[in-house]
Amino acid sequence: MARSRALRTTAAVAVLAAVAAAVGVPASARPAPDQTPDRAAACGAFFDDFSYSSRTDPALTAHDWSIRTNAGGPGVGGATWAASNISFPVVDGQQSLQLRASTDGTAGGTTHAQVQQDQQRFFEGTYATRFKFSDVPVSGNDGDTINQTFYTISPLRYDWDPAYSELDISEYLPNGGWGETGATNFFTSWNTYQVDPFDGWRASTARRQSHAGWHTLVATVADGHVKYYVDGTLVADHTDDGQGHTVYPRQGMTLNYNQWFIDLNGHSGGTSVWAQSADWVYYAKNEVLSPAAADARVSAYRSSGTAHADTISC
């Protein structure tokens, strides 16, 4: 996939990137293809049922979740990343994390949403989430080029950073964008990139169909392969970018959900509000699970009444 790309910036990533930039590594140095790390033994897991009372629930920050409010990309320049866009309502019978985004067609009237695990503790293993995509806004006119996402990322310390790692486990564009004219879900594994002018090494798979409603997303990272599944179906298996650059991650990453407008070109008047929801998230460290096995692990947590578990710092 060829597309322009603004740098993703979270509060944690921005701080780490600023520290790294001070080292003064030349931005023009393109890295050589790197080696796949040795596979570690299975160890620990992370699970969250998103059973929080509100975005100000002390348990949310105690469990290392934070809500983005700092300005910057991706998305519409000048838009606000609003804490008020994060809530924990009951959605279709299950208490869920919900991210809203809204626009009136102007940058100043546009809000995005993001929530993330700030520590770079997520690397090899199995990722899973139950996610509700939206093809139409909650209110207002349809047509916006919006991106509904679940992904992992590390800081880009400088152009062509050889340690940079990012897995876009889902980037769903219900109204297209980046050259697509219809509903498309992108699954993308990154090696590294240059900010301006954009140039990057990655492997990407496009699934061109509606994903409206609830779906279980799973990604496994092991033995040089990044595999992506939707509802148990394998949709992508990435190893390199087709030019010899591995797209296997090289370091621990943060875990993130966000929703943002790619641009305002599709807006047709008034204010439109979009919502995406996540019922739960699960990560098995250094362990490859089938989608069915991951779902069984989650069911075991929920049947036992466990709303949160974190043993991945083992």
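For the structure, check the block above.
Anyway, here's the lowdown on the structure attached to this text.

Cut-offs used in this document
- Residues numbered from 1 in each chain as written.
- Predicted model: local features only at pLDDT ≥ 70, side-chain atom pairs only at ≥ 80, totals over all residues.
- Heavy atoms only, no water.
- Salt bridge = Lys/Arg side-chain N within 4 Å of Asp/Glu carboxyl O.
- Helix = DSSP H or I, 4+ residues; strand = E, 2+ residues; numbered from the N terminus.
- Buried < 20%, exposed > 50% of the residue type's maximum accessible area, 1.4 Å probe, protein only.
- Polar contact = N/O pair within 3.5 Å; in protein donor to acceptor, adjacent residues only side chain to side chain.
- Contact = heavy atoms within 4.5 Å.
- Expected span 1.5 Å × (residues − 1).
- Core = buried A, V, L, I, M, F, W, Y, C linked by side-chain atoms within 4.5 Å.
- Pairing = 2+ DSSP bridges.
- Phe/Tyr/Trp six-rings, centres within 6.5 Å; stacked < 30°, edge-to-face > 60°.
- Lys NZ or Arg CZ within 6 Å of the ring centre and 35° of its normal.

Using the criterion set out here, one finds 8 salt bridges in the structure. Residues arginine 208 and glutamate 180 are paired through a salt bridge, measuring 2.9 Å at the closest nitrogen-oxygen approach. Of the two residues, arginine 208 is situated in the loop between β13 (199-207) and β14 (213-222) and glutamate 180 in the loop between β11 (166-173) and β12 (184-194); the sequence distance between them amounts to 28 residues. For glutamate 180, a relative accessible area of 17% gives the class buried. Several salt bridges share partner residues, and in doing so they unite Asp49, Arg130, Asp279 and Arg302 into one network.

Turning next to the environment of glutamate 166. Along the chain, the position of glutamate 166 falls in strand β11. Along the primary structure glutamate 166 and leucine 156 are separated by 10 residues, whereas in three dimensions their C-alpha atoms are 9.7 Å apart. In terms of polar contacts, glutamate 166 uses its side chain to reach the side chain of tyrosine 164, at 2.3 Å.

Structurally, alanine 236 can be placed in strand β16 (residues 233-238). Residue classification places alanine 236 among the buried residues on the basis of a relative accessible area of 5%. Placed 11 residues apart in sequence, alanine 236 and histidine 225 show a C-alpha to C-alpha distance of 9.9 Å. Among residues more than four places away in sequence, those in contact with alanine 236 are Thr205, Val226, Lys227 and Tyr228.

With that settled, consider helix α3 (residues 291-303). With 13 residues, α3 extends 18 Å between its outermost C-alpha atoms, agreeing within 8% with the 18 Å of an ideal straight helix rising 1.5 Å per residue. Where the residues of α3 are buried, they touch β1 (45-48), β9 (125-133), β14, β15 (225-230), β18 (272-285) and β19 (308-310). Where α3 ends, the next residue or the one after it, glycine 305, has phi of about 85°, a positive value.

Here is a general trend for soluble globular proteins: nonpolar side chains tend to be buried in one another's company. Residues Phe50, Trp65, Leu97, Tyr127, Tyr228 and Tyr257 are the most contacted members of the largest nonpolar core, which totals 40 residues. Per element, the largest residue contribution to this core is 4 residues, and it comes from β14. Excluding residues that lie within four positions of it along the chain, tyrosine 127 makes contacts with Phe122, Thr152, Ile169, Leu217, Val218, Ala219, Val221, Met253, Leu255, Tyr282 and Tyr283. Core analysis: the second largest hydrophobic core is formed by 13 residues, Ala45, Tyr282, Leu289 and Tyr301 among them.

Counting buried positions over the 8 residues of β11 gives 8, a clear majority of the element. In this sheet, β12 lies alongside β11 in antiparallel orientation, the contact comprising 6 bridges. Of the residues in β12, the one forming a bridge with glutamate 171 is phenylalanine 186.

Next up on the list: the side chain of threonine 216. Mapped onto the secondary structure, threonine 216 falls in strand β14. For threonine 216, a relative accessible area of 19% translates into the label buried. Filtering out sequence-adjacent residues up to four positions away, threonine 216 remains in contact with Thr129, Arg130, Tyr229, Val230, Asp231 and Trp280.

Glancing now at the environment of aspartate 64. Position of aspartate 64 among the secondary structure elements: in the loop between α2 (58-62) and β2 (65-67). Between the C-alpha atom of aspartate 64 and that of glutamine 116, which follows or precedes it by 52 residues, the distance is 8.2 Å. Excluding residues within four positions of it along the chain, aspartate 64 makes contact with Gln116, Gln117, Asp118 and Gln119. In terms of polar contacts, aspartate 64 uses its side chain to reach the backbone amide nitrogen of glutamine 119, at 3.4 Å.

Turning our eyes to something else, we now look at the packing of aromatic side chains. Per the counting criterion, the structure on display carries 21 aromatic pairs. Taken together, a centroid distance of 4.5 Å and an interplanar angle of 45° make the contact between phenylalanine 131 and phenylalanine 133 tilted. Assessed through its relative accessible area of 0%, phenylalanine 131 is described here as buried. Taking the relative accessible area as the measure of exposure, phenylalanine 133 reaches 1% and is therefore buried. Residues tyrosine 164 and tyrosine 193 carry aromatic rings whose centres are separated by 5.3 Å and whose planes lie at 75° to one another, so their mutual orientation is edge-to-face. Taken together, the residues span a long stretch of sequence, with tyrosine 164 in the loop between β10 (146-153) and β11 and tyrosine 193 in strand β12 at a distance of 29 residues. Owing to a relative accessible area of 0%, tyrosine 193 belongs among the buried residues under this scheme. The structure contains a cluster of three or more aromatic residues connected by ring pairs, namely Phe46, Phe50, Trp65, Phe122, Tyr127, Phe131, Phe133, Phe150, Tyr172, Tyr257 and Tyr283. A cation sits over an aromatic face here: arginine 68 above tryptophan 81, 4.0 Å from the ring centre.

All we've got here are geometric facts, nothing functional implied.
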